[in-house]
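# Working through the structure, step by step
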Amino acid sequence: MSDTGTTAAPTAGADHHELRRGLGFRDLVVYGLLFIAPMAPVGVFGTLDARSHGAVALVYVVATVAMAFTAFSYAQMVRVVPQAGSVFAYARVGLGKEAGFVAGWMAVLDYLLIPAVAYLFSGIALNSLVPGVSRWVWTALAVVVTTVLNLWGVRVAARVGFLVLALEIVVLLVFVVCAVVVLARDGAERGWLSPLTGDGSQGAFALSAVVGAVSVAVLSFLGFDAIASFAEEVTGGSAKIARALLFCLALAGVLFVAQTYLVALLEPLSSARLAAEPVRQGSAFYDTVEASVGTWLHDLVAVSKAIGAAFAALAGQAAAGRLLFAMGRAGRLPRALSRTDSGVPRVALLCSAALTLVVAVWAARRDEGMDELVSVVDIGALTAFTLLHASVVGYFAVRRRGAGRVDRWRHVAVPVAGAAITVAVIAEASGTGQAVGAVWLAVGLGVLVAQRGRPAGG
């Protein structure tokens, strides 16, 4: 793999190291939205409402804009490095091999933990519906089913994923229609503009409260970047990847703002009450739906989230497999990971599934498992995002200096602003998450030092 920029995926001279092209624009958007999940705010609505003093819809407006910087940087780099390694490949080209390894290593933490959280969420939801089966069994079953689909091939997984995504969208639309009907019939529990300005129960509007809540809201968007991992399996060129990234983020932002706006209007408890009683925050969305519409919609949303979470993990597992494949092909991880069978990176997928299974089942057997996973899930992604932004500056403004015009807006200002945002969110992360991220980084640096003097390949 060249470190000076490349516009084509490496061929490796053998089919055993190549991925099969077959994904279209719709497939890319399906994978991105599956990983994000259209109703991602359900689990964090109460927390965001309490933190933002009721301005929860505004939080998602700001979070969407903040993540747009990252999407823009991905769009810049995927056009010049259309490879499966995503941020690993981009940082290699923009910053050098060592930085590329660090970016890939931190992204691995993200791509392993986010699916683990999703699988665990699915296991907990299914256990609540069928208490006779332990949640760790449901969790393991979800891993097995989605792994089989991924091993079957990216096209099959995309088709099944499309059906699941359609189900989630239908449930979301049902909620929207029911919410509008209730609001038209009974009126709003809060002021009509309160989801954008705050409900006033904790005093005047506070921008600092909104910004603080954004650090949690961005977690809802983690996963849209997985689209870039399929760069070597898309038909029609890398421009399609860039469009899918931006479209997926914009669509998710609209869905998140719409549903949080409506549920905030229906929420009978003030943001001050939710802040004073944290135990109510986790179920706030469900409780509001049940109180305003009925138990049937509560159950429908719960089932949709249980199935959707498993398939969000499917998309994450697929992205993790492509990242491990790319790092193995470059010689930064065992080369066996770069083996493919009929264009499917089955070795990398099985390794990703095995690691995620261990983490997810371990967490499922612990009462605090979900909290412990969530506390560290964003560190890997945000660190990788920061290196992505640095890669844009490094490639366009430094390494290619003199080889073409540098657009100081696209290639400097936007990525620098994006890096400032991701660093700020890292600073707001939990101490546990920061500590785990630091340990993971230290291990990666140790691996990097051990590899010095050994040809990296690729």
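Note that the structure is a prediction, hence the values are computed from the model and not measured.

Here leucine 246 lies in helix 10 (residues 238-266). A residue is classified by how much of its surface remains accessible, and leucine 246, at 37% relative accessible area, is partly exposed. Along the backbone, leucine 246 and glutamine 259 are 13 residues apart, and their C-alpha atoms lie at a distance of 20 Å. Look past the residues within four positions of leucine 246 in its chain and what remains in contact with it is Ala71, Phe72 and Ala75.

Now for the confidence of the model for the protein chain. Where the model shows low pLDDT, its predicted coordinates should not be examined in detail. Across the protein chain, the average pLDDT comes to 83, with 92% of residues at 70 or higher. Averaged pLDDT values over the elements of the protein chain bottom out at 69 in helix 15 (residues 369-374) and peak at 94 in helix 8 (residues 194-197). Contacts of residues 1-15 to residues separated by more than four positions or lying in other chains number 32 contacts, the stretch itself having pLDDT below 50.

Moving on to the packing of helix 5 (residues 97-129) against helix 6 (residues 135-152). Geometrically, a packed helix pair is captured by the angle between its two axes and the distance between the axes. The N-to-C vectors of helix 5 and helix 6 enclose an angle of 125°; their axes lie 7 Å apart at closest approach. Overall, the two elements helix 5 and helix 6 adopt an arrangement that is oblique. Classified by chirality, the crossing of helix 6 by helix 5 is right-handed. Listed contacts from helix 6 to Tyr119, Leu120, Ser122, Gly123, Ile124, Leu126 and Asn127 of helix 5 are Arg135, Trp138, Thr139, Ala142, Val143 and Thr146. In terms of residue class, the contact of helix 5 with helix 6 is built from seven nonpolar, five polar and one charged.

Turning our attention to the packing of aromatic side chains. A complete count under the given rule lists 11 aromatic pairs for this structure. Over the aromatic face of tryptophan 136 sits the side chain of arginine 365, whose NZ or CZ is 5.3 Å from the ring centroid.

Rules used throughout
- Residues numbered from 1 in each chain as written.
- Predicted model: local features only at pLDDT ≥ 70, side-chain atom pairs only at ≥ 80, totals over all residues.
- Heavy atoms only, no water.
- Helix = DSSP H or I, 4+ residues; strand = E, 2+ residues; numbered from the N terminus.
- Buried < 20%, exposed > 50% of the residue type's maximum accessible area, 1.4 Å probe, protein only.
- Contact = heavy atoms within 4.5 Å.
- pLDDT = per-residue confidence, 0-100.
- Axes fitted to C-alpha atoms, helices over the stretch in contact; angles between N-to-C directions.
- Parallel < 35°, antiparallel > 145°, perpendicular 65-115°, else oblique.
- Left-handed = near helix turned anticlockwise from the far one by under 90°.
- Nonpolar A, V, L, I, M, F, W, Y, C, P; charged D, E, K, R; others polar.
- Phe/Tyr/Trp six-rings, centres within 6.5 Å; stacked < 30°, edge-to-face > 60°.
- Lys NZ or Arg CZ within 6 Å of the ring centre and 35° of its normal.

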